[in-house]
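Listed here are the chains, written in short residue letters.
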Amino acid sequence: MDFQYLKLEFKAQVATIWLNRPELHNAFNSTVIEELHACLEHLQDRDDVRVVILAGRGKSFSAGADLNWMKQAGMASTEENQADALKLAQMLQRLATLKHPTIARVHGLALGGGMGLAAACDICIASDNAQFATSEVRLGLAPSTISPYVIRAIGVRQASRYFLTAERISVIQAHAIGLVHERSTMDQLDSTVQKIVQSLLMGGPQAQAASKQLIAMVEAETIDATLIHKTAQHIAEVRQGDEAKAGLTAFLNKHSPTWIKTTAEQE
């Protein structure tokens, strides 16, 4: 696929989406949002892809929204403004619900919408120079479209602070509050990401997709008879699938399941 502001790379079973607007710290406008959504829709339909990495070219992961674009959107009609914001919200939802495991490879700035992208991914790996912020209130705005993913990642109590103060969050603090899963030096960032990729490739793709659906189903639900029934039904359906049968057979016979490819098969 050809994009103006993205680069899509494939290596073995891994797709890497590079935000490619380095001169503006990968700030996004309507074109970036549309391209990213289209790219994610394309990857959703590809069964040869097992893992998706989201990364940024240049000095930053993403500094969030392009302020000139935001200003123009604010001056548009109510209907146009809402339609524009909905595109961003829908792109973030597509990222958060992608069937493949997703990894945010974060370095430098991850501000506003950039922090939202990191939070919408399943796993966030960040370099020691990474800085996060929900910076919107300092521009007279609110972190509306990113809020479901950031609150899910750091919780209501931490959001109550950072949504209101817009403080810069160091990678150490981001790790402490649950936004970042792994910290790394910049020169070890890619190798740290690859360790996680290799762990993901050991799991069954259908099982991982089902596990992502399970998290969404269980999140914030009360543990009651209804939820117990839902989780029992979920595992009953999963273990009747061909992948589960193959995986259990492989384990009992002490050989690798079919989804684990050799180096030659990956290439």
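Definitions and cut-offs
Residues numbered from 1 in each chain as written. Predicted model: local features only at pLDDT ≥ 70, side-chain atom pairs only at ≥ 80, totals over all residues. Heavy atoms only, no water. UniProt positions renumbered as here; feature names shortened; annotations may be inferred. Pairing = 2+ DSSP bridges. Helix = DSSP H or I, 4+ residues; strand = E, 2+ residues; numbered from the N terminus. Contact = heavy atoms within 4.5 Å. Axes fitted to C-alpha atoms, helices over the stretch in contact; angles between N-to-C directions. Patch = residues over 30% accessible without salt bridge, like charges linked within 9 Å, V, L, I, M, F, W, Y side chains within 5 Å. Areas by Shrake-Rupley, 256 points an atom, 1.4 Å probe, with all protein chains shown as cover. Salt bridge = Lys/Arg side-chain N within 4 Å of Asp/Glu carboxyl O. Buried < 20%, exposed > 50% of the residue type's maximum accessible area, 1.4 Å probe, protein only. Core = buried A, V, L, I, M, F, W, Y, C linked by side-chain atoms within 4.5 Å. Domains from an automatic or database assignment. Buried area = accessible area lost by both parts, 1.4 Å probe. Polar contact = N/O pair within 3.5 Å; in protein donor to acceptor, adjacent residues only side chain to side chain. Nonpolar A, V, L, I, M, F, W, Y, C, P; charged D, E, K, R; others polar. Phe/Tyr/Trp six-rings, centres within 6.5 Å; stacked < 30°, edge-to-face > 60°. Lys NZ or Arg CZ within 6 Å of the ring centre and 35° of its normal. Right-handed = clockwise from strand over helix to strand, strands pointing away.

As recorded by an unreviewed UniProt entry, the chain carries the name Methylglutaconyl-CoA hydratase and is attributed to Acinetobacter calcoaceticus. Among the UniProt annotations of the chain, the heading Sequence similarities (unreviewed entry) holds the following wording: "Belongs to the enoyl-CoA hydratase/isomerase family."

Chemist: For this particular structure, what's the right way to read the sheet that holds strand S5 (residues 109-111)?
Modeler: In spatial order, the strands read S5-S7-S8; together these three strands make up an open sheet with mixed pairing. Looking along the sheet, the strands with just one partner apiece sit at the ends: S5 and strand S8 (169-170). Judged from the two bridges that link them, strand S7 (residues 131-133) and S8 form a sheet pairing that is antiparallel. The residue bridging Gln131 from the neighbouring strand is Ser170, located in S8. The sheet strands contacting helix H4 (residues 113-120) are S5, S7 and S8, and the helix crosses S5 at an angle near 95 degrees.

Chemist: How should I be thinking about a nonpolar patch on the surface in this particular structure?
Modeler: On the surface, a nonpolar cluster with roughly 340 Å² of combined accessible area is contributed by Leu67, Met70, Leu139 and Leu141. Mapped onto the fold, Leu139 is located in the loop between S7 and helix H5 (147-165). Exposure remark for Leu139: the relative accessible area of 49% places this residue in the partly exposed category.

Chemist: Even after reading the chapter, I still don't get the nonpolar core, so can you show me in this structure?
Modeler: Soluble globular proteins tend to bury their nonpolar side chains together. With 51 residues, the main nonpolar core has Ile17, Leu36, Leu54, Val106, Leu117 and Phe132 as its most contacted residues. Counting residues in each nonpolar core, the second largest holds 12 residues, with Val14, Ile53, Val193 and Ile196 among its members.

Chemist: What is the right way to read the environment of Leu6 from this model?
Modeler: Take Leu6: it is sitting in strand S1 (residues 6-11). By relative accessible area, Leu6 is classed as buried at 2%. Separated by 36 residues in sequence, Leu6 and His42 have C-alpha atoms that sit 13 Å apart. Apart from residues no more than four positions distant in its own chain, Leu6 is found in contact with Ile17, Trp18, Leu19, Asn20, Glu35, Leu36 and Cys39.

Chemist: What am I meant to see in the domain arrangement of the chain here?
Modeler: When the parts of a complex come together, some accessible area is lost, and that lost area is often taken as the interface size. Taken domain by domain, the chain comprises domain 1 (6-200) and domain 2 (204-265). Summarising the inter-unit geometry, the C-alpha centres of domain 1 and domain 2 are found 27 Å apart. Counting from both sides, the interface comprises 11 residues of domain 1 and, opposite them, eight residues of domain 2. Both faces considered, domain 1 and domain 2 share a buried interface measuring about 660 Å² in area, 42% of it formed by carbon and sulfur atoms. At the surface where domain 1 touches domain 2, the tally comes to one salt bridge. For Lys212, the salt bridge identified is with Asp122, shortest N-O distance 2.8 Å. Between the two partners, domain 1 and domain 2, sit five residue pairs in polar contact (both at pLDDT 80 or more). Of the residues that constitute the side of domain 1 that touches domain 2, the class distribution is four nonpolar, three polar and four charged.

Chemist: Help me out: how do you make sense of the packing of aromatic side chains in this one?
Modeler: Each aromatic ring pair is summarised here by two numbers: the centre-to-centre distance and the angle between the ring planes. For the structure shown, the criterion picks out zero aromatic pairs. The ring of Tyr5 is capped by Arg21, whose NZ or CZ atom sits 4.9 Å from the centre of that ring. We note Arg46 situated over the ring of Phe10; from NZ or CZ to the ring centre the distance is 4.2 Å.

Chemist: Honestly, the pattern of salt bridges in this entry has me stumped. Any pointers?
Modeler: Note on pairing: side chains with opposite charge can pair once their charged atoms come close. Under the counting rule described, the total for this entry stands at nine salt bridges. The residue Glu167 makes a salt bridge to Arg161 at a minimum N-O spacing of 2.7 Å.

Chemist: Could you clarify how one ought to interpret the pairing of strand S3 (residues 51-56) in this entry?
Modeler: Regular strands place their side chains on alternate faces of the sheet. Among the six residues that make up S3, six are buried, leaving the element largely enclosed by the rest of the structure. Here S3 shows no split at all, with Val51, Ile53 and Ala55 on one side and Val52, Leu54 and Gly56 on the other all buried. By the bridge criterion, six bridges tie strand S2 (residues 14-19) to S3 in an arrangement that is parallel. Opposite Ala15, over in S3, you have Val52 as the bridge partner. Chirality of the crossover, the property in question, places the unit of S2, helix H1 (residues 30-44) and S3 among those that are right-handed.

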